[in-house]
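# Observations on chain architecture
Residue-level listing of the chains:
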Amino acid sequence: MNGIVIPFTPNDSPIVGRDRPRLDSTAKVTGRAIYTVDIERPGMLHAKVLRSPHAHARILSIDASAARSLAGVTAVVTREEIHGLHSYGTYVKDQPIVATDAVRYVGDVVAAVAAVDERTAFAALDLIRVEYEPLPAVFDSTAAMDLSAPAIFPDQPFAAYPEYGDGASGAAHTAHNVSYEFRYETGEESIWADCDYIFEDTFTFSRMNHMHLEPFATVAEATATEIEVWTSTQSPFPMRKELARVFGLPENDIRVNVPLLGGGFGAKNGPKTEAIAIRLSQLSAGRPVRYCMSTEEVFLTLSQHDAILTVKSGLKADGEFMARKSRVLLNGGAYADASPLVAEKAGYRMPGAYRWKRIDSVCQAVITNTVPAGAYRGFGATQATWASERQVDLIAERLGFDPLELRLKNAKELGEEFVPGETPIDSDLKLGLNLVADAIGYRNRPRSGNRGMGVAIGIKDGGGVNKPAQARVKVTTNGDVFLNCGLVEMGQGGHSALCQIVAETLACDPKVVKYAAIDTDNTPFDQGTNASSGIAVMGHAVLQAAERVRSSVLDMAAEHLLLDRQSIRLDNWHIVGADGTTYELPPLIMDRFGGTGFEFTADGYFKVRSSSSAPLEAPCMFWEIGWAAAEVDVDPETGRVEILQLVVSGDAGKVVNKLGCRGQDEGAAVFGLAQALFEELRYDDGELLNGEALLYRVPLAEDIPRRFSSITQEQGHGAGPFGTKGMGEGGMLPIAPAIAQAIADATGAQLTSLPMTPERVYNGIRAARARQGRAHRNA
């Protein structure tokens, strides 16, 4: 084929690193985007569930005969209809489809109904009669571990957990009402003897709701031998595996389809609505069943862990950190869900961003008669960062150090090991601290009035544990591109970022790259969209697939055109020769493969190599860091806190989409602001008091500081494609401790509990004044 000169604009401007419109933006702003709540199937039924009014009770009897006979009802599921089906969970398999022997919290599902419409389903629920025998209940982690507390699971559920590496260990059911325990230890115990000061403090961390706008929702079509679901999940392949285990079917008889998600934040990992919808469909002759929770039901399904954290730290007189011992109690609620995984991370991340010669951490996930707790944005690092950073501030006050300087003295260096066998730190932690401190004028802050400033740093291992990812890229004869991988789009912009990587690699317009719909029959495997892994872990698989497709195209063109393979390149679906001659690919392809053309396809795969010396099975992919600085004004007479300035920063390594990175950091910072000042699920004798949107206080637009900014760093040390690192969680971690230190700087009140409500701030100010008075009298 001869070279022809045609009008041609070379693609010489980079795609990665630029602000580009989101692929889903038009569909979302016009209302055409399809979420699970929008899925409709012919003959679709609607499911509703009956929930327990008791925090803990034995189920004596269930009479659902009247509900079954109600016109329009097609199926009712009680414990009688789940014989032979298995319970689910991550490491600990303790949650049944519906309650069997007992209910374990207010809101536990006792029965489910499928009917022709929601009104009929609700009417059927009113006809179900359940006889309970109330049992003693326990709601606090410390109380639950006392041997006098009721055993919430008298018979220990099945559990399986990984083999850990050096220094780490884990086990299920290690103590009374403990579902899982994780330990990490390194360094010599004798280090404590070298410490000049030893301090021990206890901190408490509040429980939050995920508040994703789209509720848990599933549409299921199922028989005894085949299952298909459309569901709002972050992890379609683990979902398929768990459903196969629960229902005793081969995985290739189960198909999971995942549309767009209306938020997840960790909540949409593991079964929530799926198993109930499937069982109701099976009992309704395979008719599709839609089970969509209300917002109030979401509050009764999953939450973040509240925690009690006791931290003991030893240091030298000059402020050098030496040893840290910590014990974390996570309130896991009634069922384990992802609590074992969160316990791993909370325990492992307790050292924070600092250098310690001795580390001894234990984290226990405790079972209580409250709403189950699971994965939540930050995944254990939020709890660990709150306690770790707060104690640094307390130590600084006690020994007369500036909190920022104490952090700079002890922060790990770029390239320094986090712990033995782990990936070295891949961000300059001190650079980031100075960056946010300087952004608010920390070192030159006024020392009068009720204004104060604070800084903090949060760190978490990113990319997931031992996490594999696969991707597939296909290009048609005309240069239209399909990206097929399991990254779920839940508002974070992951689809757009990955398509930018493909476009950069194939030197094409991003508009021609389409992200294929996710279904487990056709989409390559992915472990799940979590741990900020999308751009770094899945990004490598996508990059490899795109590079292989490009190579296939160039190999074919070089052979067909009799050109030197190394001298040609791909640009806008043209072959460009060494002399600038361009060749259109579509006629070339049809000339080679026939009039129907061809489709170039390649797969990519990536996983961090496992290592027995890495505490958590494999070294982490990257370190996700969040830096924050805050300035506050505190009214000492009311305890009201006004945020005057808030600066958050993350290190993207290399930016793929600037607006996307900014959105991730600023969105995470607002989550941190919510944790710091507002959000808390409140209980009274096991009953959730504020479990609805109108009663649950989240930040409003008026709560966002007028001087609120983010700084996206590109330090260039990321292990992802083009040097990228994951973002989205790190920005949440340092917000609450930075605000807490700003309050302390302004008033002397050192707060140890979240949220920092006006009442707590007011009481903290009074306690600080009392301490100052005693110190003055003793001077």
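No experiment lies behind these values; they were computed from the predicted model shown.

Another point: the sheet that holds strand E5 (residues 102–103). The strand order across the open sheet built from 3 strands is E5-E2-E7, with neighbouring strands paired in antiparallel fashion. In this open sheet, the two edge strands, each paired with only one partner strand, are E5 and strand E7 (129–134). Sheet topology places strand E2 (residues 57–63) next to E7; 6 bridges connect them, and they run antiparallel. Of the residues in E7, the one forming a bridge with Ala57 is Pro134.

Considering all chains together, one arrives at 54 salt bridges under this definition. The shortest N-O distance in the salt bridge between Arg565 and Asp555 comes to 2.6 Å. Linking Arg565 in the loop between helix H13 (534–561) and strand E24 (569–571) with Asp555 in helix H13, this pair joins segments that are 10 residues apart in sequence. For Arg565, a relative accessible area of 23% translates into the label partly exposed. Among the ionic contacts, a cluster of salt bridges with common partners joins Arg22, Asp24, Lys28 and Glu489.

A few words now on helix H10 (residues 403–410). Counting buried positions along H10 gives 6 out of 8 residues, so the element sits mostly inside the fold. Contacts from the buried residues of H10 go to strand E17 (321–333), helix H9 (381–399), helix H11 (429–439), strand E19 (451–462) and helix H16 (735–747). Of the residues that open H10, the one with a side-chain oxygen 2.9 Å from the backbone nitrogen of Leu404 is Asp402.

Let us look at empty space enclosed by the protein. Counted under the stated rule, the structure contains 7 cavities of 30 Å³ or more. Counted as a void, the largest cavity has a volume near 190 Å³. Around the largest cavity, the lining is made up of 20 residues, and of these Tyr88, Gln95, Tyr105, Val109 and Lys272 lie nearest the centre. Across the lining of the largest cavity, the residue classes tally to 14 nonpolar, 2 polar and 4 charged.

This brings us to the sheet that holds E24. Neighbouring strands of a sheet are bound in pairs by backbone hydrogen bonds; such pairs are parallel or else antiparallel. Spatial strand order, E24-E25-E26: 3 strands in an open sheet with antiparallel pairing. The two strands at the open ends of the sheet, each matched to only one other strand, are E24 and strand E26 (582–584). Adjacent strand axes in the sheet meet at a mean angle of 30°, parallel and antiparallel pairs treated alike. Here E24 runs beside strand E25 (residues 574–576); their pairing, made up of 3 bridges, is antiparallel. When the bridges of E25 are listed, Leu570 appears paired with Ile575. Docked against the sheet, helix H14 (residues 585–593) engages E24, E25 and E26, running at close to 60° with respect to E26.

With that out of the way, let us pick up the state of the cysteines. Going through the model one piece at a time under the given rule, you end up with 0 disulfides. Of all cysteine sulfurs in the structure, the one in Cys499 sits closest to Cys485, which takes part in no disulfide; the separation is 7.9 Å. For Cys485, a relative accessible area of 0% puts it in the buried group.

Okay, the packing of aromatic side chains next. All chains considered together, the criterion is met by 19 aromatic pairs. Their ring planes at 65° and their centres at 5.4 Å tell us that Tyr91 and Tyr180 sit as a pair that is edge-to-face. Pair noted here: Tyr91 is in the loop between strand E3 (73–77) and strand E4 (92–93) and Tyr180 is in strand E10 (residues 178–186), with a separation of 89 residues, a long-range link. Take Tyr180: its relative accessible area is 0%, and that puts it in the buried class. Ring centres of Tyr161 and Tyr180 lie 5.7 Å apart, and the angle between their planes is 70°; on these two criteria the pair is classed as edge-to-face. Of the two residues, Tyr161 is situated in the loop between strand E8 (158–159) and strand E9 (168–172) and Tyr180 in strand E10; the sequence distance between them amounts to 19 residues. Among the residues examined, Tyr161 registers a relative accessible area of 39% and is labelled partly exposed.

With respect to the secondary-structure elements, Asn177 resides in the loop between E9 and E10. Aside from chain neighbours lying at most four places away, what touches Asn177 is Ala144, Ala149, Pro150, Ala151, Ile152, Ala365, Val366 and Ile367.

Time to look at the nonpolar core. Ranked by size, the top nonpolar core spans 92 residues in total, and within it Val473, Leu483, Leu498 and Ile575 carry the most contacts. In terms of residue count, H13 provides more of this core than any other element does, 16 residues in total. Beyond its immediate chain neighbours, meaning those up to four positions away, Leu498 contacts Leu483, Cys485, Leu487, Tyr515, Gly534, Ile535, Met538, Gly539 and Val542.

Counting buried residues along strand E13 (residues 227–231), 4 of its 5 residues qualify, which places the element largely inside the surrounding structure. Sheet topology places strand E12 (residues 217–222) next to E13; 5 bridges connect them, and they run antiparallel. Bridged to Thr218 within E13 is Thr231. Where E12 folds back on E13, the antiparallel hairpin that results is connected by 4 residues. Two elements, E13 and strand E14 (residues 254–258), share 4 bridges in a ladder whose sense is parallel. In the sheet register, Trp230 faces E14, and the bridge partner there is Asn257. Note that the unit made of E13, helix H5 (residues 236–247) and E14 has a crossover that is right-handed.

Glancing now at unusual backbone geometry. Residue Pro755 is bonded to the preceding Leu754 through a cis peptide linkage, with omega at -10°. Relative to the helices and strands, Pro755 is located in the loop between H16 and helix H17 (758–778). For Asp337, which is not glycine, the phi torsion reads 45° and is therefore positive. Within the secondary structure, Asp337 is located in the loop between E17 and helix H8 (339–348). Look at Asp337 and you get buried, because its relative accessible area is 11%. Residue Phe379 is not a glycine yet carries a positive backbone phi of 50°. Structurally, Phe379 can be placed in the loop between strand E18 (358–367) and H9.

A few words now on H11. Listing the buried residues of H11 in full gives Leu429, Gly432, Leu433, Val436 and Ala437. Buried residues in H11, looked at end-on, bunch into an arc of 130°, giving them a common side. Lining the buried residues of H11 we find H10, E19, strand E28 (622–634), strand E29 (641–651) and strand E32 (707–713). At the N-terminal boundary of H11, the capping side chain belongs to Asp428, with an oxygen 3.2 Å from the backbone nitrogen of Lys430. Downstream of H11 by a residue or two, Gly441 has a phi angle that is positive, lying close to 75°.

Here the focus is the environment of Arg565. Between the alpha carbons of Arg565 and Thr74 there is a distance of 65 Å; along the sequence they are 491 residues apart. Dropping the residues within four chain positions of it, Arg565 is found in contact with Ser551, Leu554, Asp555 and Ala558.

This next bit is on the packing of H9 against H10. Where H9 meets H10, the closest approach of the two axes is 9 Å, and the angle between their N-to-C directions is 115°. By the angle between their directions, the pair H9 and H10 is classed as roughly perpendicular. As H9 runs across H10, the sense of the crossing is right-handed. In this structure, H9 uses Glu389, Val392, Asp393, Ile395 and Ala396 to contact H10, whose residues at the interface are Pro403, Leu406 and Arg407. When grouped by side-chain class, the residues that make up the contact of H9 with H10 number 5 nonpolar, no polar and 3 charged.

Reading the values: rules and limits
Residues numbered from 1 in each chain as written. Predicted model: local features only at pLDDT ≥ 70, side-chain atom pairs only at ≥ 80, totals over all residues. Heavy atoms only, no water. Pairing = 2+ DSSP bridges. Helix = DSSP H or I, 4+ residues; strand = E, 2+ residues; numbered from the N terminus. Salt bridge = Lys/Arg side-chain N within 4 Å of Asp/Glu carboxyl O. Buried < 20%, exposed > 50% of the residue type's maximum accessible area, 1.4 Å probe, protein only. Contact = heavy atoms within 4.5 Å. Polar contact = N/O pair within 3.5 Å; in protein donor to acceptor, adjacent residues only side chain to side chain. 1 Å grid on protein atoms, 1.4 Å probe; cavity = no way out; pocket = protein on both sides within 12 Å on 5 of 7 lines; lining within 4 Å. Points joined across faces, edges and corners; volume = space filled by probe spheres on them. Nonpolar A, V, L, I, M, F, W, Y, C, P; charged D, E, K, R; others polar. Axes fitted to C-alpha atoms, helices over the stretch in contact; angles between N-to-C directions. Disulfide = S-S within 2.5 Å. Phe/Tyr/Trp six-rings, centres within 6.5 Å; stacked < 30°, edge-to-face > 60°. Core = buried A, V, L, I, M, F, W, Y, C linked by side-chain atoms within 4.5 Å. Right-handed = clockwise from strand over helix to strand, strands pointing away. Arc of directions from axis to C-beta. Parallel < 35°, antiparallel > 145°, perpendicular 65-115°, else oblique. Left-handed = near helix turned anticlockwise from the far one by under 90°.

Any link to function would need more than the numbers given here.
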